[in-house]
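Spelled out from the first residue to the last, the chains are:
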Amino acid sequence: MRPDDRKYTTTHEWVKIDGDTALLGITDFAVQELSNGNTSDLVYCDLPEVGREVKAGQTFGEIESVKAVSDLNSPVSGQVVEINHTIEEHLEVLAKDPWTTGWMVKLKLSSKSVDGLMDAAAYEKFVADSKH
Amino acid sequence: MGTWRLITTWGAAPEFNMGLDEALLVTPGLPPTLRFYSWKPDTLSLGYFQKLSEVPGAERAGALVRRITGGGAIHHVRELTFSISADMSIDLYAGGLATSYGRVHAAIARALANFGVDAKLRGEASLASDRANTGMCFHHSTALDLTWDGRKGVGSAQRRKGGRVLHHGSIKLGTSPLEGDIASLESRRKSVAPSDLAPFLREALAAEIGAEFEASVPERDERELARELGQRYTAREFVNLR
């Protein structure tokens, strides 16, 4: 079971809200999809500048594996207050621990709306259904 | 059985080629579209995250662009270039990245077999075309790549955005000084044109996806969006983005 202290998107990002801030990251399923099980297949990650406003559903960054570039979509709206620079240099962190040390961006929330996002149980089902 | 669009544009400008692919990627709700195209002038495309300085000799190409798909640089000359733009939910893309590559490459292998080339996945083999520090797509291989004559002959990359996927593919008909000793159809047949191979790939993809292709041209709004989006691809600030 994936962590139930956060919400999930259909494009495999997670958001963990704590007061008026939130951490964003991508799920183990996203990492597996991109890397096909080979950590070294993750090659680049572009994260936003601190201060940038992002809106729910919009792109906040991009990640490249050996075979694809994928957008990173924000589950919530807010202003970027911190980014995890470790990710940009050490993408293997995402494979080891996408839930804690693998966070990507910290936002100061402009809205706490999580409409349309899934809880852990719904995300489990979504992932199971997409493995066809 | 569904119907896909097929758009064929031989000898098009690099800005148009990249702009139309992006337009077909970012416009929600468009039907799945297969494009066959070639380039005029010959064009070197950088992978989305590549630095121009990582590709020695890039300026020798007739034009330079940065793709929005990943991977290494490709010199688009003497090749059949294709793209597939569709929702991520279509069967071709189901089951993840590696699976979708497997399906597209299975179709390409079938097309090449019908053309007289026995292409195989690289697997764990080492390739004579692998070379360090050139930044070129055809000099770097993975287990999923299609090969013949012990060399890489098909380049592939995807962009995943907003629930849609753009798959870029290049099948080498011949080589160029920038790409050197790689696999190409020239080893089997002299003077192959992109339009010679395209019907074979069309037929193999139709069998793979269980759909028919309907020849089409871009609608006016698609052409306008392609023109607008295409301008940045050769712009110095985009080529030098990294």
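Conventions adopted
- Residues numbered from 1 in each chain as written.
- Chains lettered and ligands numbered in written order.
- Predicted model: local features only at pLDDT ≥ 70, side-chain atom pairs only at ≥ 80, totals over all residues.
- Heavy atoms only, no water.
- Buried < 20%, exposed > 50% of the residue type's maximum accessible area, 1.4 Å probe, protein only.
- Helix = DSSP H or I, 4+ residues; strand = E, 2+ residues; numbered from the N terminus.
- Arc of directions from axis to C-beta.
- Contact = heavy atoms within 4.5 Å.
- Buried area = accessible area lost by both parts, 1.4 Å probe.
- Salt bridge = Lys/Arg side-chain N within 4 Å of Asp/Glu carboxyl O.
- Pairing = 2+ DSSP bridges.
- Expected span 1.5 Å × (residues − 1).
- Core = buried A, V, L, I, M, F, W, Y, C linked by side-chain atoms within 4.5 Å.
- Axes fitted to C-alpha atoms, helices over the stretch in contact; angles between N-to-C directions.
- Left-handed = near helix turned anticlockwise from the far one by under 90°.
- Nonpolar A, V, L, I, M, F, W, Y, C, P; charged D, E, K, R; others polar.

Draft legend 1. Focus on helix α4 (residues 120-130) of chain A. All names here are of chain A. Turning to α4, its buried residues number three or more, namely Ala120, Tyr123 and Val127. Buried residues along α4 cover an arc of 60° about the axis, so they all sit on one side. Elements that come into contact with the buried residues of α4 comprise β1 (7-8) and α1 (28-35).

Draft legend 2. Representation of the interface of chain A and chain B in the model. In this complex, chain A contributes 18 residues to the contact, which on the side of chain B involves 22 residues. Counting each side, the surface lost to burial between chain A and chain B is near 1700 Å², with a carbon and sulfur contribution of 49%. Ranking the residues of chain A by area buried against chain B places A:Glu33, A:Lys67 and A:Val69 at the top, with a combined share of 38%. One can count five salt bridges joining chain A with chain B. Among the salt bridges present, the one from B:Lys161 reaches A:Asp71, with a minimum N-O distance of 2.8 Å.

Draft legend 3. Representation of the sheet that holds strand β9 (residues 105-109) of chain A within the structure. Taken in spatial order, the six strands make up an open sheet running β1-β2-β3-β9-β8-β5 (chain A), and their pairing is antiparallel. The open sheet has two edge strands, β1 and β5 (53-54) of chain A, and neither has a second partner.

Draft legend 4. Main features of helix α2 (residues 97-115) of chain B. Between its first and last C-alpha atoms α2(B) spans 27 Å; for 19 residues at 1.5 Å apiece the expected length is 27 Å, and the two agree. Along α2(B), the positions that sit buried rather than exposed are B:Leu97, B:Ser100, B:Tyr101, B:Val104, B:His105, B:Ala107, B:Ile108, B:Ala109, B:Ala111, B:Leu112 and B:Phe115.

Draft legend 5. Spatial organisation of the pattern of salt bridges. Residues and elements named next belong to chain B. With the rule as written, the count across this model stands at 23 salt bridges over all chains. Asp145 is the salt-bridge partner of Lys152, the closest N and O atoms lying 3.4 Å from each other. The exposure classification of Lys152 matches that of Asp145, with both residues buried.

Draft legend 6. Highlighting the nonpolar core. Among the nonpolar cores identified, the biggest contains 37 residues, and B:Phe82, B:Ile84, B:Ile108, B:Leu112, B:Ile171, B:Leu185 and B:Leu201 are the most heavily contacted of them. Elements that contribute at least two residues to this core include exactly β1 (2-12), β2 (33-39), β6 (79-87), α2, β8 (146-148), β11 (164-172), α3 (194-209) and β12 (211-216) of chain B. With residues near it in sequence (within four places) discarded, B:Ile171 still touches B:Glu79, B:Leu80, B:Phe82, B:Ile108, B:Leu112, B:Gly153, B:Val154, B:Leu197 and B:Leu201. A:Ala30, A:Leu94, A:Val105 and A:Leu109 belong to the second largest nonpolar core, which has 26 residues in total.

Draft legend 7. Looking closely at the sheet that holds strand β10 (residues 154-161) of chain B. Spatial strand order, β4(A)-β6(A)-β7(A)-β10(B)-β11(B)-β6(B)-β2(B)-β1(B)-β12(B): nine strands in an open sheet with mixed pairing. Every interior strand has two partners, whereas the edge strands, β4 (42-46) of chain A together with β12 of chain B, have only one. Neighbour-to-neighbour, the strand axes of this sheet turn through a mean angle of 20°, independent of strand direction. Where β1(B) lies against β12(B), six bridges are found, and the strand directions are parallel. Considered in β12(B), the bridge of B:Arg5 is made with B:Glu214. On top of the sheet, α1(A) reaches β4, β6 (59-65) and β7 (68-73) of chain A together with β10 of chain B; it is set at about 125° to β4(A), its chief contact. Sheet contacts for α3(B): β1, β2, β6, β11 and β12 of chain B; angle to β6(B), the most-contacted strand, approximately 30°.

Draft legend 8. Molecular detail of the pairing of β10(B). A large share of β10(B) lies buried, amounting to seven of its eight residues. Pairing geometry for β7(A) and β10(B), over three bridges, is parallel. The residue bridging A:Val69 from the neighbouring strand is B:Arg159, located in β10(B). Alignment of β10(B) against β11(B), held across eight bridges, turns out to be antiparallel. Looking at the pairing, B:Ser156 lines up with B:Gly169 of β11(B). Counting the residues between successive antiparallel strands, the hairpin from β10(B) to β11(B) contains two residues, one of them, B:Gly162, with a positive phi of roughly 55°.

Draft legend 9. Summary view of the packing of helix α1 (residues 14-26) of chain B against helix α4 (residues 220-230) of chain B. All names here are of chain B. Closest axis-to-axis distance for the α1/α4 pair is 7 Å, and the angle between their directions is 115°. The way α1 lies across α4 gives a crossing that is right-handed. Along the contact surface, α1 presents Glu15, Gly19, Leu20, Glu22, Ala23, Leu24 and Val26, while α4 presents Glu222, Leu225, Ala226, Leu229 and Gly230. Looking at the contact of α1 with α4 residue by residue, the class counts come to seven nonpolar, two polar and three charged.

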